[in-house]
Every structure is written in structure tokens, then in C-alpha cells.
Amino acid sequence: MPIFQSSTFAFEDADQGAARFSGKDSGYKYTRIANPTNAALECCIAELEGGAAGLATATGMSAISTVFMTFLGAGKHIVSTGSVYGPTRTLLENELTRFGVESTFVDTSDVKNIKAAIKGNTELIYIETPANPTLSITDIAAVAKIAKEAGALLVVDNTFCSPLLQKPIKLGADIVLHSMTKFINGHSDVVAGMLVASTLELRNKMHKVICQMGGTIDPHQAWLVLRGVKTLALRVKAAQASAMRLAEELEKHPKIEWVKYPGLKSHPQYELAKKQMSGPGAMISFELKGGVKAGKTVMDSVSLSTLAVSLGGIESLIQHPASMTHASMGPKARAEAGISDGLVRFSVGCEDYDDIKADLWQALDKI
Ligand SMILES: *Cc1c(COP(=O)(O)O)cnc(C)c1O
């Protein structure tokens, strides 16, 4: 796919230009509205997710803010997973409240909590499964049923799984979104997002909003993601195989308090994970005996893995949510969402398994 590195598109004549703006001619006009490279990426991810159409965005947060700006407004209400990606929660709590949007955060791994939170003005149910960074799992099919009964739309952040491991639209979700910065691109060299809608109508509603809000992807960025997604299956399978082994061995390590990984029988939603995901993924959370201090020692002692936020790249990344990605939530919201101060998040990369393990084990020895 070539990069259509062009902000604008020439018209044959004035009539064609007019026809493109009136919608009679669906040709290209201007890259904020549509671009051939971006369109190729949108088709690709929509097809992988089993959706009707996609909408590529500048970042994952741009995809999330576009959904909120399209379907929420003054007097509208959203029910969301408590332990969502930190900025998703702060966007709702700190920014959208200024425009009269109400939000309720619950532990969606128990769907009864969602039912109890729904009100007459609930427009959206927003879930992240597995959630970040607790790796709690929510039953997508069960929530889709609840959403339908309530007349609300179900939106799923599928970033942690990628379409390779989980296809929420097939389970009844209305909209799926991604931070393509993570697994889909997979090389830690691009920030990008994607919205996939189950119907063309929903896609068109969001397209109208993003054209005004301006969060469109850049064609060069889209081209890089098209390159990255070609190896999605190879990368995710390799990282997942290492993650499974690492989780099992970490669970037996004397310096580890607990490990949370959807592939472990000790995971509270292990059976549900097996049912709705085609694999447990490459993200592991664990708590060290010795809490924050021990966690810092490990993070400062790794050398193959990189101490950095983000995830889903070919490089293993380690980070501390309470002081990094989820710092903006504040201690009370973190405690409610189950994000303990000693929780360490590990994004398993595609390095050789023995190297990943040796690096982490020497860091654990430093405690
Ligand atoms: C990173 C991330 C986002 C935000 O994506 P950006 O590309 O950084 O804007 C949203 N949801 C999840 C689960 C993420 O990991």
C-alpha cells in the first residue's frame, strides 16, 4: 500500500468538487475527512474485528474521546469498568463532567454491578477486558445483553487482546476500539488508534464528529501500522507463549505475592477467559512481597526489559501503574479499582524466553 502523503485531492472540475462535498461522489477531498492509506488500514482492522467499518484515529485516546463526544452529552450517563486505562477515566471524571456528563465506575467483572448502575439516561456501557492493569475479565456477551435491554451501546476497549485473541463484535458489542500504539502496530514507533463499528450507521455518526474534532490519523502513521499489523499473529503468539511460561514460573517464585494472568488457573475469571478469548495474551501483573520498595528494586534492576509505559511491542516493558500510568486516578480510585501500590505490570515481548526470564530473575535477586 503506498503512502498517500497528501493533505488534499485535486478535482477534475468544479462539478466534481461540488459532487464530492454534497456526497453524490464518494471520492477523496481532504485527508482529515478521508485518505486512501487510512482507508486501507480501516478496512483491514474492521475485517479482523468482524465489524462493518473502521475509523483510524491519531491516538487511542482520540478514538476514546471520539466515542464519548459522539454518544454522550449534557444529562447523559455512562457506566464504565473501574480499572480502565487511567486517562480514559480521567477524561470522563475531569473533562466530560464540565459538559454535564455523568459517569459511574464499577467492577464489571461482576455484571450485576453494571445492571445496578444503569439509569434512564445511560447511553454507553464501556468495558475494558482484560482491564488495565488488573487483568480482570468481563463477560462481553452477558454485558451485550444488558446493554441491549437498557437501550445503551456497548463499547469495548480491545487493546490488550488485539483482534487476534478477542472479537467483541461477534459477542454482541456495538463498537470496538484500540490503541494501535500497542499490539496492532507492535513496534513502539507509532501512536495511533482505531474505532470499529458493528454497523455503517454507527461509523458514520462517529465520522461526522471526528471530522469536526480533528483526531484523524496521519497517512504516514497509518502506513506504518499497516506494516506492523502484517506480523500481528507472529508477534502475539510468540509473546503469549513466553508470557504463559513466565506467569507459571513467577507464581512459584518465593519473592512474589501473587500473579494475575488470564492463562493461570488462579485467575478469578480463568474459565471466562478461556471462553471468550482465544488465548491469554502477553500482559502479566504481579505483586512483590515487599510492595512498592521491592517493585522499584526490580524495575531499576532489569536490563533486557525496558522500564517504560506502553505495551504490546516486540520489546518487553515493565512499569509501576500506581506511580506512572494510573497516578492521575488518585489513591482512592486506585484502591477501589484494585490497583495496589505494589502492582507491577509486565508486557512480555518477543525476545528469547530464556533471556527474558534470566533478566527478571536477576532483578528479583536484588530485592
Ligand atoms: C494505551 C492505551 C490507550 C490509549 O492509547 P494511546 O494510543 O496512548 O492514546 C487506551 N486503552 C488502553 C487499554 C491502552 O493500553
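Residues numbered from 1 in each chain as written. Predicted model: local features only at pLDDT ≥ 70, side-chain atom pairs only at ≥ 80, totals over all residues. Heavy atoms only, no water.

Chemist: Could you give an account of the overall build of the chain, naming the residues involved and the relevant values?
Modeler: A tally of helices and strands in the chain yields 14 helices and 12 strands. For the chain, the C-alpha radius of gyration of 21 Å lies close to 21 Å, the compact-globule estimate for 367 residues. Here the chain holds 367 residues, and 56% of them are scored as buried. In the chain, the proportion of contacts linking residues at least 24 apart, taken out of those at least 6 apart, comes to 73%. Surface accessibility of the chain: about 14900 Å² in total, with carbon and sulfur atoms responsible for 55%. (Helix = DSSP H or I, 4+ residues; strand = E, 2+ residues; numbered from the N terminus. Rg over C-alpha atoms; globule rule 2.2 N^0.38 Å. Buried < 20%, exposed > 50% of the residue type's maximum accessible area, 1.4 Å probe, protein only. Contact = heavy atoms within 4.5 Å. Areas by Shrake-Rupley, 256 points an atom, 1.4 Å probe, with all protein chains shown as cover.)

Chemist: With reference to specific residues and values, describe the packing of aromatic side chains.
Modeler: Enumeration over the complete set of coordinates arrives at 3 aromatic pairs. Centroid distance Phe-11 to Phe-21: 6.4 Å. Interplanar angle 85 degrees. Geometry classified as edge-to-face. Here Phe-11 is found in the segment before α1 (14–22), whereas its partner Phe-21 is found in helix α1, with 10 residues between them in sequence. The class for Phe-11 is partly exposed, based on a relative accessible area of 33%. The aromatic ring of Phe-105 is capped on one face by Arg-89, whose charged end is 4.1 Å from the ring centroid. (Phe/Tyr/Trp six-rings, centres within 6.5 Å; stacked < 30°, edge-to-face > 60°. Lys NZ or Arg CZ within 6 Å of the ring centre and 35° of its normal.)

Chemist: Go over the site of the ligand, please, and point to the residues and values.
Modeler: By nearness alone, 13 residues border the ligand, and Met-61, Asp-157, Ser-179, Thr-181 and Lys-182 come closest of all. In the environment of the ligand, an oxygen atom lies 2.8 Å from a nitrogen or oxygen atom belonging to the side chain of Ser-179. Expressed as a share of its isolated accessible area of 380 Å², the protein-covered part of the ligand is 93%. Tallying contributions element by element places helix α3 (residues 60–71) first for the shell around the ligand, with 3 residues. In terms of residue class, the shell around the ligand is made up of 5 nonpolar, 5 polar and 3 charged. (Near = heavy atom within 4 Å. Polar contact = N/O pair within 3.5 Å; in protein donor to acceptor, adjacent residues only side chain to side chain. Nonpolar A, V, L, I, M, F, W, Y, C, P; charged D, E, K, R; others polar.)

Chemist: Give a description of the side chain of Ser-305 that names residues and reports values.
Modeler: Relative to the elements of secondary structure, Ser-305 occurs in the loop between α12 (291–301) and β10 (306–307). For Ser-305, the residues in contact, after removing those within four places along its chain, are Ser-316, Phe-346 and Asp-359.

Chemist: Give me the lowdown on the pattern of salt bridges, citing residues and values where you can.
Modeler: Counted according to the given criterion, the structure contains 10 salt bridges. Measuring nitrogen to oxygen at the nearest pair gives 3.5 Å for the salt bridge that ties Asp-25 to Arg-20. Overall, the relative accessible area of 22% leaves Asp-25 in the partly exposed class. With a relative accessible area of 13%, Arg-20 lands in the buried category. As a salt-bridge pair, Arg-98 and Glu-95 come within 3.0 Å of each other at their nearest N and O atoms. (Salt bridge = Lys/Arg side-chain N within 4 Å of Asp/Glu carboxyl O.)

Chemist: Hey, could you go over unusual backbone geometry for me, with residue numbers and the actual values?
Modeler: Thr-129 connects to Pro-130 through a cis peptide bond whose omega is -10 degrees. Here Pro-130 shows up in the loop between β4 (122–128) and α6 (140–150). Of note, the amide linkage connecting Asn-132 to Pro-133 takes the cis form, showing an omega dihedral of 0 degrees. In this structure, Pro-133 sits in the loop between β4 and α6. The phi torsion at Leu-135 lies on the positive side, around 60 degrees, for a residue other than glycine. One can find Leu-135 in the loop between β4 and α6. According to the relative accessible area criterion, Leu-135 is buried, its value standing at 2%.

Chemist: Describe the pairing of strand β6 (residues 175–179), with residues and values.
Modeler: Most of β6 sits out of view: 5 of its 5 residues are buried. Side chains Ile-175, Leu-177 and Ser-179 project from β6 onto one buried face, and the interleaved Val-176 and His-178 project onto a second face that is buried too. Note that strand β5 (residues 153–157) and β6 share 3 bridges and pair parallel. What sits directly across from Val-155, in β6, is Ile-175. Two strands pair when backbone bridges link them, and β6 and strand β7 (residues 193–197) are joined in this way by 5 bridges, in the antiparallel orientation. Residue Ser-179 lies in a different strand from β7, and its bridge partner there is Gly-193. (Pairing = 2+ DSSP bridges.)

Chemist: I'd like a rundown of the packing of α3 against helix α4 (residues 86–95), residues and numbers included.
Modeler: Where α3 contacts α4, the two axes come as close as 11 Å, and the packing angle between them is 35 degrees. Note on packing geometry: the crossing formed by α3 with α4 is right-handed. Between α3, through Met-61, Ile-64, Ser-65 and Phe-68, and α4, the contact on the second element is made entirely by Pro-87, Thr-88, Leu-91 and Leu-92. (Axes fitted to C-alpha atoms, helices over the stretch in contact; angles between N-to-C directions. Left-handed = near helix turned anticlockwise from the far one by under 90°.)

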